[in-house]
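Structure at a glance
Chain by chain, the residues run as shown.
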Amino acid sequence: MDHPLLGTNAPAFKLPDQNGKTHQLSDYTGKWVIIYFYPKDMTPGCTVEACSFRDNEARLTAAGAVVLGVSADSVKQHAKFVEKKSLNFPLLADETKDMCKAYQSYGKKKFLGRTYDGIMRNTFLVDPKGKIVKVYEAVKPATHVEEILEDLKAIA
(Lines give C-alpha, C1' and ligand atoms only; values in the text may rest on other atoms or scores of the structure.)
Protein backbone atom coordinates (compact mmCIF):
# COMPACT_ATOMS: atom_id res chain seq x y z
CA MET A 1 0.00 0.00 0.00
CA ASP A 2 1.33 3.43 -0.90
CA HIS A 3 1.92 5.90 1.90
CA PRO A 4 -0.42 8.94 1.72
CA LEU A 5 2.55 11.36 1.61
CA LEU A 6 4.27 9.63 -1.33
CA GLY A 7 4.52 12.04 -4.26
CA THR A 8 3.63 15.10 -2.17
CA ASN A 9 5.82 17.99 -1.05
CA ALA A 10 7.56 17.06 2.18
CA PRO A 11 6.03 18.84 5.20
CA ALA A 12 8.10 21.82 6.31
CA PHE A 13 9.84 21.69 9.68
CA LYS A 14 12.08 23.82 11.87
CA LEU A 15 13.81 21.94 14.68
CA PRO A 16 17.03 22.08 16.71
CA ASP A 17 19.75 19.44 16.37
CA GLN A 18 22.03 18.00 19.07
CA ASN A 19 24.00 21.29 19.15
CA GLY A 20 20.92 23.53 19.25
CA LYS A 21 21.37 24.56 15.60
CA THR A 22 18.05 24.98 13.80
CA HIS A 23 17.38 22.95 10.65
CA GLN A 24 14.54 23.40 8.20
CA LEU A 25 13.66 21.60 5.00
CA SER A 26 14.43 24.66 2.85
CA ASP A 27 18.08 24.48 4.04
CA TYR A 28 18.44 21.36 1.88
CA THR A 29 16.90 22.48 -1.42
CA GLY A 30 18.96 20.96 -4.25
CA LYS A 31 19.98 17.88 -2.23
CA TRP A 32 18.49 14.47 -1.64
CA VAL A 33 17.31 14.36 1.99
CA ILE A 34 16.90 11.17 3.99
CA ILE A 35 14.63 11.89 6.95
CA TYR A 36 14.46 8.95 9.29
CA PHE A 37 12.20 8.72 12.31
CA TYR A 38 13.17 6.45 15.19
CA PRO A 39 11.67 5.76 18.62
CA LYS A 40 14.46 6.53 21.11
CA ASP A 41 18.16 7.37 21.45
CA MET A 42 20.49 4.66 22.79
CA THR A 43 18.04 1.78 22.36
CA PRO A 44 19.25 -1.34 20.50
CA GLY A 45 17.49 -0.99 17.11
CA CYS A 46 17.89 2.78 17.01
CA THR A 47 21.60 2.49 17.75
CA VAL A 48 22.09 -0.09 14.97
CA GLU A 49 20.25 2.18 12.52
CA ALA A 50 22.13 5.36 13.55
CA CYS A 51 25.51 3.60 13.35
CA SER A 52 24.65 2.26 9.90
CA PHE A 53 23.93 5.80 8.68
CA ARG A 54 27.19 6.93 10.35
CA ASP A 55 29.24 4.16 8.74
CA ASN A 56 27.78 4.84 5.28
CA GLU A 57 27.96 8.63 5.45
CA ALA A 58 30.62 8.88 2.70
CA ARG A 59 28.56 6.71 0.33
CA LEU A 60 25.40 8.69 1.05
CA THR A 61 27.22 12.01 0.54
CA ALA A 62 28.67 10.69 -2.73
CA ALA A 63 25.09 9.96 -3.82
CA GLY A 64 24.20 13.61 -3.09
CA ALA A 65 22.19 12.85 0.05
CA VAL A 66 22.09 14.26 3.57
CA VAL A 67 20.73 12.38 6.58
CA LEU A 68 18.50 13.80 9.30
CA GLY A 69 17.46 11.62 12.23
CA VAL A 70 14.30 12.59 14.14
CA SER A 71 12.96 11.48 17.50
CA ALA A 72 11.20 13.08 20.47
CA ASP A 73 14.38 13.03 22.56
CA SER A 74 15.74 16.35 23.82
CA VAL A 75 18.67 18.29 22.36
CA LYS A 76 20.68 17.26 25.46
CA GLN A 77 19.82 13.56 25.01
CA HIS A 78 20.71 13.74 21.30
CA ALA A 79 24.07 15.32 22.19
CA LYS A 80 24.85 12.34 24.48
CA PHE A 81 23.86 9.84 21.76
CA VAL A 82 25.93 11.64 19.10
CA GLU A 83 28.96 11.77 21.39
CA LYS A 84 28.67 8.17 22.59
CA LYS A 85 28.30 6.75 19.07
CA SER A 86 30.37 9.37 17.14
CA LEU A 87 27.42 10.15 14.86
CA ASN A 88 28.23 12.43 11.92
CA PHE A 89 24.82 13.82 10.98
CA PRO A 90 22.13 15.93 12.69
CA LEU A 91 19.59 14.43 15.08
CA LEU A 92 16.55 16.68 15.30
CA ALA A 93 14.75 17.07 18.62
CA ASP A 94 10.99 16.88 17.97
CA GLU A 95 9.89 17.04 21.60
CA THR A 96 6.35 18.15 20.63
CA LYS A 97 6.15 15.29 18.09
CA ASP A 98 4.71 17.79 15.57
CA MET A 99 7.14 16.75 12.82
CA CYS A 100 6.55 13.05 13.56
CA LYS A 101 2.81 13.63 13.21
CA ALA A 102 3.19 15.75 10.04
CA TYR A 103 5.08 12.83 8.46
CA GLN A 104 2.49 10.35 9.77
CA SER A 105 5.19 8.63 11.79
CA TYR A 106 3.52 8.80 15.18
CA GLY A 107 0.62 6.63 16.24
CA LYS A 108 -0.53 3.25 17.52
CA LYS A 109 2.20 0.65 17.95
CA LYS A 110 2.21 -2.84 19.41
CA PHE A 111 4.97 -4.34 21.50
CA LEU A 112 4.78 -7.51 23.58
CA GLY A 113 1.00 -7.55 23.24
CA ARG A 114 0.67 -3.96 24.47
CA THR A 115 -0.74 -1.15 22.30
CA TYR A 116 0.56 2.37 22.85
CA ASP A 117 1.28 5.61 20.98
CA GLY A 118 4.83 6.06 19.76
CA ILE A 119 7.20 7.04 16.97
CA MET A 120 7.29 4.62 14.05
CA ARG A 121 10.54 3.58 12.42
CA ASN A 122 9.82 5.23 9.05
CA THR A 123 12.13 6.92 6.56
CA PHE A 124 11.34 9.42 3.82
CA LEU A 125 13.49 10.03 0.75
CA VAL A 126 12.97 13.62 -0.38
CA ASP A 127 14.19 14.72 -3.81
CA PRO A 128 16.16 17.94 -4.44
CA LYS A 129 12.90 19.83 -5.14
CA GLY A 130 11.35 18.83 -1.80
CA LYS A 131 9.05 16.04 -3.00
CA ILE A 132 8.74 12.71 -1.15
CA VAL A 133 9.73 10.08 -3.72
CA LYS A 134 10.06 7.03 -1.47
CA VAL A 135 8.63 6.01 1.91
CA TYR A 136 10.10 3.16 3.94
CA GLU A 137 7.83 1.90 6.71
CA ALA A 138 8.78 -0.32 9.67
CA VAL A 139 12.35 -0.55 8.39
CA LYS A 140 14.93 -3.13 9.38
CA PRO A 141 17.75 -1.12 11.02
CA ALA A 142 20.63 -3.35 9.89
CA THR A 143 19.85 -3.38 6.14
CA HIS A 144 18.00 -0.11 5.70
CA VAL A 145 20.87 2.08 4.46
CA GLU A 146 21.76 -0.40 1.70
CA GLU A 147 18.14 -0.26 0.51
CA ILE A 148 18.26 3.56 0.38
CA LEU A 149 21.58 3.54 -1.50
CA GLU A 150 20.14 1.14 -4.10
CA ASP A 151 17.10 3.37 -4.56
CA LEU A 152 19.25 6.51 -4.85
CA LYS A 153 21.28 4.80 -7.56
CA ALA A 154 18.10 3.88 -9.42
CA ILE A 155 16.28 7.22 -9.21
CA ALA A 156 18.81 9.96 -8.57
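A brief look at the structure comes next. This is a predicted model, so every value here is computed, not measured.

Digging into the overall build of the protein
Helix and strand counts for the protein stand at 5 helices and 9 strands. For the protein, the sequential pattern of α-helices and β-strands runs β-β-β-α-α-β-α-β-α-β-β-β-β-α. The C-alpha radius of gyration computed for the protein amounts to 14 Å, which stays within 12% of the reference 15 Å derived for 156 residues, consistent with globular compactness. A principal-axis box enclosing the C-alpha atoms of the protein has dimensions of 40 × 35 × 30 Å.

So, the pairing of strand E8 (residues 123-126)
Residue alternation in E8 divides its side chains into two sets, Thr-123 and Leu-125 and Phe-124 and Val-126, and both sets are buried. Bridge count for strand E3 (residues 32-37) against E8 is 4 bridges, and the pairing is antiparallel. Paired with Val-33 across the bridge in E8 is Val-126. Examined bridge by bridge, E8 and strand E9 (residues 132-136) share 4 bridges and lie antiparallel to one another.

So, the pattern of salt bridges
Summed over the entire model, instances satisfying the criterion amount to 7 salt bridges. Residue Asp-73 is joined to Lys-40 by a salt bridge in which the shortest nitrogen-to-oxygen separation is 3.0 Å. Of this pair, Asp-73 sits in the loop between strand E4 (65-71) and helix H3 (75-85) while Lys-40 sits in the loop between E3 and helix H1 (44-55), and the two are 33 residues apart along the sequence. Given a relative accessible area of 7%, Asp-73 falls into the buried group. Judged by its relative accessible area of 43%, Lys-40 is partly exposed. Residues Lys-134 and Asp-151 are paired through a salt bridge, measuring 3.7 Å at the closest nitrogen-oxygen approach.

A look at the packing of aromatic side chains
One pass over the structure, following the stated rule, counts 8 aromatic pairs. For the pair Phe-53 and Phe-89, a centre-to-centre distance of 6.2 Å together with 70° between the ring planes defines the contact as edge-to-face. Taken as a pair, Phe-53 in helix H1 and Phe-89 in the loop between H3 and strand E5 (91-93) lie far apart in primary sequence, 36 residues in all. Given a relative accessible area of 6%, Phe-89 falls into the buried group. Each member of the aromatic cluster is reached from another via a ring pair, and the members are Tyr-36, Tyr-38, Phe-53, Phe-81 and Phe-89.

A closer look at the sheet that holds E9
The strand order across the open sheet formed by 5 strands is E5-E4-E3-E8-E9, and the pairing between neighbours is mixed. The open sheet is flanked by E5 and E9, the only strands paired with a single partner. Each strand of the sheet is rotated relative to its neighbour by a mean of 20°, with strand direction disregarded. Packed onto the sheet, H1 meets E3, E4 and E8 and runs at close to 165° relative to E3.

Thoughts on the packing of H1 against helix H5 (residues 144-155)
The geometry of a pair of packed helices is captured by two quantities: the angle between their axes and the separation between those axes. Where H1 contacts H5, the axes come no closer than 9 Å and their chain directions differ by 45°. Relative to H5, the element H1 lies oblique. Contacts from Glu-49, Ser-52 and Phe-53 in H1 reach His-144, Val-145 and Ile-148 in H5. Of the residues that constitute the contact of H1 with H5, the class distribution is 3 nonpolar, 2 polar and 1 charged.

Describing H5
Its 12 residues place the ends of H5 17 Å apart at the C-alpha level, agreeing with the 16 Å of an ideal helix rising 1.5 Å per residue. Those residues of H5 that sit buried are His-144, Val-145, Ile-148, Leu-149, Asp-151 and Leu-152. Viewed along the axis of H5, the buried residues span an arc of 165°, placing them on a single side of the element. Those residues of H5 that are exposed and angled more than 90 degrees off the buried face are Lys-153 and Ala-154. Along its buried surface, H5 packs onto E3, H1, helix H2 (57-62), E4, E8 and E9.

Rules behind the numbers
Throughout, residues of each chain are indexed from 1 in the direction in which the sequence is written. Local features in this predicted model are restricted to residues of pLDDT 70 or higher, and side-chain atom pairs are both shown and tallied only at a pLDDT of 80 or more, whereas totals for entire chains, interfaces and linings draw on every residue. Note that water and hydrogens are dropped before the side-chain values are worked out from all heavy atoms of the structure. Under the scheme used here, helices are H or I runs from DSSP no shorter than 4 residues and strands are E runs no shorter than 2 residues, and both carry numbers assigned from the N terminus. All radius of gyration figures rest on C-alpha atoms, and the globule criterion is 2.2 Å times the number of residues raised to 0.38. Note on classification: 1.4 Å probe, protein chains only; a residue is buried when its accessible area is under 20% of the maximum for its type, exposed when over 50%, partly exposed between these limits. At least two bridges found by DSSP between two strands are what make those strands a pair. Throughout this description, the term salt bridge denotes a Lys or Arg side-chain nitrogen within 4 Å of a carboxyl oxygen of Asp or Glu. Pairs were defined over the aromatic rings of Phe, Tyr and Trp, the Trp ring being its six-membered one, requiring ring centres within 6.5 Å. Orientation was assigned from the angle between planes: stacked under 30 degrees, edge-to-face over 60, tilted for the rest. To obtain each axis, a line is fitted to C-alpha atoms, and for helices this fit is confined to the stretch in contact; angles are then taken between N-to-C directions over 0 to 180 degrees. Any pair of residues with heavy atoms lying within 4.5 Å of one another is described as a contacting pair. The labels follow the angle: roughly parallel below 35 degrees, roughly antiparallel above 145, roughly perpendicular from 65 to 115, and oblique for the rest. Following the grouping adopted for this structure description, the nonpolar residues are Ala, Val, Leu, Ile, Met, Phe, Trp, Tyr, Cys and Pro, the charged ones are Asp, Glu, Lys and Arg, and the polar ones are all others, Gly among them. The span one expects for a helix is its residue count, reduced by one, times 1.5 Å. The arc in question is the one spanned by the directions pointing from the helix axis to the C-beta atoms.

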